[in-house]
Amino acid sequence: MNLSLSNIEHLLTTSDPTAIDGLFAEACRVRDEVYGRKVFMRGLIEITNHCKNNCLYCGIRREVSTQRYRLTKEQILDCCRIGNQLGFRTFVLQGGEDGWFTDDVMCDIVKTIKKEFPHCAVTLSLGERGKASFQRLFDAGADRYLLRHETADAAHYAYLHPNEMSFEHRMQCLRDLREIGFQVGAGFMVGSPGQTLETLIKDLQFIQDFRPEMVGIGPFIPAAGTPFESRQAGSVELTLRLLAIIRILHPRVLLPATTALGTLHPNGRERAVMAGANVVMPNLSPQDTRALYSIYNNKLSTGSEAAESAADIRLRMKAIGMETPVDRGDFAY
Ligand code: SAH
């Protein structure tokens, strides 16, 4: 399929259903050629909602007044034990930028997980750190790191973040992670305030140049108590088109059907897979902390048991003709 710049712009804006169906079909064909009809499951463990940052869109930003929690090492390990039983072979430890999780603390947690579950991959998503810190986490056994670039346009980045944060540093972190040897995840929100067709094209250009092993994209959803709480949510339709375009531009990418899509549409994750996605990340966090990790409003699956949500997602994938193997789901180099 021809994905020249003008054709990408056309695909992002057209209301011709045949063009869009063709785009989704091509994305699935490309995915199936690389990975087969497989959707990899990752168990998401939200380890802390403390955060020193103040990103304008985020429901756990420093200035939101909300109940804060952090999981203990034992709680995190319990989540992994449950996840391992359920057939997860990747654990994603995500959180706000919480100084309590120093390098020493995180390295100890990673080493303990890798010792008890040597057959599992550990993905970290803990925000920006220094290169030496990333190196220590890698040496402790972490396999992958997710750090969405959020936008590839510096002015748009400045609109979404306070002055104390910098576009340059975020991009430097991604380069550092790559150099150290992590499988690296980038990504962005669709429909974030200030986003334009032009900034989206820059995001696609960045993905094509940097070729992250993973790309997480989901619609922006307003979060209560933030400066953007009254802004419009991003479009499910546009997110699906972007997923398909990213799959075709970067056939080997690991592409999650995000919870944010599932939040905005009852079949959002299925539709994402039918547009070329091949990863799902059900929640393994303890029941009582899930609602507190409220990065946006009405986040999906707060409350349901880990076992229940894993079974639910497996059924949903089966219904659209996809397998959910017990597999780490590494990048196909
Ligand atoms: N502190 C970590 C993890 C952040 S949460 C980090 O900085 O990487 C993971 C992702 O959720 C963010 O990168 C952001 O893209 C997304 N997110 C945050 N607020 C959101 C919102 N209101 N709507 C949709 N996605 C959001």
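For the structure, check the block above.
Residues numbered from 1 in each chain as written. Predicted model: local features only at pLDDT ≥ 70, side-chain atom pairs only at ≥ 80, totals over all residues. Heavy atoms only, no water.

Even after reading the chapter, I still don't get the site of the ligand, so can you show me in this structure?
Near the ligand you find 18 residues, and of these Tyr 57, Gly 95, Arg 148, Glu 150 and Ile 221 are the closest. Between the ligand and the protein, one listed contact pairs an oxygen atom with a side-chain N or O atom of Arg 148 at 2.9 Å. One nitrogen or oxygen atom from the side chain of Arg 170 is found 3.2 Å from an oxygen atom belonging to the ligand. Relative to its unbound accessible surface of 560 Å², the ligand loses 91% to contact with the protein. Of the residues belonging to the shell around the ligand, the class tally is 10 nonpolar, five polar and three charged. (Near = heavy atom within 4 Å. Polar contact = N/O pair within 3.5 Å; in protein donor to acceptor, adjacent residues only side chain to side chain. Areas by Shrake-Rupley, 256 points an atom, 1.4 Å probe, with all protein chains shown as cover. Nonpolar A, V, L, I, M, F, W, Y, C, P; charged D, E, K, R; others polar.)

Can you walk me through the packing of aromatic side chains in this structure?
By convention here, two paired aromatic rings are described through the distance between centres and the angle between planes. The final tally for this structure, using the stated rule, is 10 aromatic pairs. Note on Trp 100 and Phe 101: the rings are 5.0 Å apart at their centroids and 80° apart in plane angle, and the pair reads as edge-to-face. Of the residues examined, Trp 100 reaches a relative accessible area of 45% and is grouped as partly exposed. Plain terms: the ring middles of Tyr 159 and Phe 228 are 5.9 Å apart, the flat faces sit at 25° to each other, and that makes the pair stacked. Of this pair, Tyr 159 sits in helix H6 (residues 154–160) while Phe 228 sits in the loop between strand S7 (214–219) and helix H9 (236–249), and the two are 69 residues apart along the sequence. (Phe/Tyr/Trp six-rings, centres within 6.5 Å; stacked < 30°, edge-to-face > 60°. Buried < 20%, exposed > 50% of the residue type's maximum accessible area, 1.4 Å probe, protein only. Helix = DSSP H or I, 4+ residues; strand = E, 2+ residues; numbered from the N terminus.)

Would you take a moment to explain the nonpolar core for this structure?
Phe 91, Leu 93, Met 106, Ile 113 and Leu 124 are the most contacted members of the largest nonpolar core, which has 97 residues in total. With nine residues, H9 is the single largest residue contributor to this core. Core analysis: the next-biggest nonpolar cluster, separate from the first, contains seven residues, Tyr 35, Met 214, Leu 254 and Ala 332 among them. (Core = buried A, V, L, I, M, F, W, Y, C linked by side-chain atoms within 4.5 Å.)

Could you clarify how one ought to interpret the pattern of salt bridges in this entry?
It is possible for side chains bearing opposite charge to pair when their charged atoms get close. On inspection of all chains with the given rule, the structure shows 28 salt bridges. Arg 129 serves as the salt-bridge partner of Asp 103, at 3.0 Å between the closest nitrogen and oxygen. Of this pair, Asp 103 sits in helix H4 (residues 103–116) while Arg 129 sits in the loop between strand S4 (121–125) and helix H5 (131–139), and the two are 26 residues apart along the sequence. Summarising the burial analysis for this pair, Asp 103 and Arg 129 share the class buried. (Salt bridge = Lys/Arg side-chain N within 4 Å of Asp/Glu carboxyl O.)

What's the story with the packing of helix H8 (residues 197–210) against H9 in this structure? I'm lost.
For any two helices packed against each other, one specifies the crossing angle of their axes together with the interaxial distance. Running from N to C, H8 and H9 point in directions that differ by 30°, and their axes come no closer than 10 Å. With respect to each other, H8 and H9 are oriented roughly parallel. Crossing hand, H8 versus H9: right-handed. Touching Leu 200, Leu 204, Ile 207 and Gln 208 of H8 are Leu 238, Leu 242, Ile 245, Ile 246 and Leu 249, all from H9. Looking at the contact of H8 with H9 residue by residue, the classes come out as eight nonpolar, one polar and no charged. (Axes fitted to C-alpha atoms, helices over the stretch in contact; angles between N-to-C directions. Parallel < 35°, antiparallel > 145°, perpendicular 65-115°, else oblique. Left-handed = near helix turned anticlockwise from the far one by under 90°. Contact = heavy atoms within 4.5 Å.)

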